[in-house]
Amino acid sequence: MADDNDLERTEPASPRRLEKAREEGQVARSQELTTFTMLMAASGSLWIIGSLIIQKLSALLESGLQIEREIAFNPALLLPRLFQLALDGLLAIAPLLGWLVIVALVSPMLLSGWLFSSKALFPDFKRLNPVNGFKRIFSSHGLIELVKAIAKVAVIGGVAAGIIWSYKQDVLDLIGMPLDTGLTSMGRLIGLTFMLIVGAMLLLVVIDVPFQLWNHARQLRMSKEDLRKEAKEDEGDPQVKARIRSMQREMARRRMMAEVPRADVVVTNPTHYAVALKYQDHSMRAPKVVAKGSQLIAARIRELADEHHIPVLEVPPLARALYHHVELDTEIPETLYTAVAHVLAYVFQLRRYQTAGGTAPQLSPEIAVPVELDHA
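What you are looking at is a predicted structure, and each value in this text was computed from that prediction instead of being measured.

A.B. asks: What exactly am I supposed to notice about the pattern of salt bridges here?
C.D. replies: For side chains bearing opposite charge, pairing can occur when the charged atoms are close. Evaluated as defined, the whole model comprises eight salt bridges. The residue Arg254 makes a salt bridge to Glu250 at a minimum N-O spacing of 3.3 Å. Taken together, the residues span about one helical turn, with Arg254 and Glu250 both in helix H13 (residues 238-259) at a distance of four residues. Judged by its relative accessible area of 30%, Glu250 falls in the partly exposed class. A salt bridge links Glu259 to Arg262, with the nearest nitrogen and oxygen atoms 3.0 Å apart. For Arg262, a relative accessible area of 46% translates into the label partly exposed.

A.B. asks: What am I meant to see in the UniProt feature "transmembrane region" (unreviewed entry) in the chain here?
C.D. replies: Feature annotation in UniProt assigns "transmembrane region" (unreviewed entry) to the following positions: residues 33-54, 99-122, 143-167 and 187-214. Across residues 33-54 one finds 100% helix and 0% strand; the C-alpha atoms that close the span lie 28 Å apart. Here residues 143-167 runs as 96% helix and 0% strand, with 36 Å between its end C-alpha atoms.

A.B. asks: How should the packing of helix H3 (residues 31-64) against helix H11 (residues 202-219) be read in this particular structure?
C.D. replies: The geometry of H3 relative to H11 is characterised by a closest axis approach of 8 Å and an angle of 150° between their N-to-C directions. In terms of their interaxial angle, H3 and H11 are classed as roughly antiparallel. As H3 runs across H11, the sense of the crossing is left-handed. Of the residues in H11, those in contact with Gln31, Glu32, Leu33 and Phe36 of H3 are Leu202, Val205, Asp208 and Val209. In terms of residue class, the contact of H3 with H11 is made up of five nonpolar, one polar and two charged.

A.B. asks: Before we go on, may I ask you to explain the side chain of Asp264 in this structure?
C.D. replies: Secondary-structure assignment places Asp264 in the loop between H13 and strand E1 (265-268). By relative accessible area, Asp264 is classed as buried at 8%. Here the side chain of Asp264 touches Tyr279 through a polar contact of 2.7 Å, landing on its backbone nitrogen. Ignoring sequence-local partners within four residues, the contact set of Asp264 consists of Leu277, Lys278, Tyr279, Ile310, Pro311, Leu344, Val347 and Arg351.

The rules behind the values
- Residues numbered from 1 in each chain as written.
- Predicted model: local features only at pLDDT ≥ 70, side-chain atom pairs only at ≥ 80, totals over all residues.
- Heavy atoms only, no water.
- Salt bridge = Lys/Arg side-chain N within 4 Å of Asp/Glu carboxyl O.
- Helix = DSSP H or I, 4+ residues; strand = E, 2+ residues; numbered from the N terminus.
- Buried < 20%, exposed > 50% of the residue type's maximum accessible area, 1.4 Å probe, protein only.
- UniProt positions renumbered as here; feature names shortened; annotations may be inferred.
- Axes fitted to C-alpha atoms, helices over the stretch in contact; angles between N-to-C directions.
- Parallel < 35°, antiparallel > 145°, perpendicular 65-115°, else oblique.
- Left-handed = near helix turned anticlockwise from the far one by under 90°.
- Contact = heavy atoms within 4.5 Å.
- Nonpolar A, V, L, I, M, F, W, Y, C, P; charged D, E, K, R; others polar.
- Polar contact = N/O pair within 3.5 Å; in protein donor to acceptor, adjacent residues only side chain to side chain.

Right under this line is the structure:
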């Protein structure tokens, strides 16, 4: 099943997949690179300050083997003496330990950069499953690690044997040297030998680092279906987006219908279109379209206008022009000022007639609308 999944994952990881893996602490790591840098740092330190460390440790050893008369007759002084010797020994190697700690923290950044993931701090109980453990041991990854271990032993062991054989006379010469000179020579010899042996690991690093980068990219590969799902998540599910758009249209329609009772007039086609206009001379430069619709929505606008006693006028050319060329909640263009002015003048005269009486107003039978705006 895993092989089938690997065959399906033919596409490189997307930036989102790489970022998610990095947040989870899943980055390319080379244990060989970390080991190499730490051992090189240790060997370089021994080469530079190895003789000094050996001199300090030998002085501590000589001091520790001497027992003062007070300590011999007062055993209570023995424990503080041992504590002081241990502290002096720790201080002697503290520079080396501090340097190795810094290298241990910095060396993983050479491959993956700075990374801190809190998820890596939580225990993963799946690793305690013995079945999964056997699968890892007998997997292709386990086989690769076995080959790397054998190669490491062969390379390091062969180089170490060659170095020891080359410096066998120098080791034998240490026997006839004075103590101080012998310790200094031995420290330098150990540091040089250690550095040459660690240098042999450079071959393993050169092979392992590209492999780890390739293996990390292989593990994060995605199938075409995964890419489609990710693109759908980024863009949003079409069904969900359609539902959201539908809800938004419904909310906009409700807000629009709420404006109809506050309109001054509704202009109709008479049945295909209905446009509600509103004008306030103190706050508007020109009349504004507060509601419009066709077919069923137009019928609903007319019903609301009748319920709230809003004048409904049949002016087909003007209704078509307003519906097609004026957006909702937008002022009418200047080309329609004259036509709308005739309509509003009639509405205002009608209101005055209904309250004060007099001669009933008549709507102009011909309201001019530019031909290019009339979608007949």
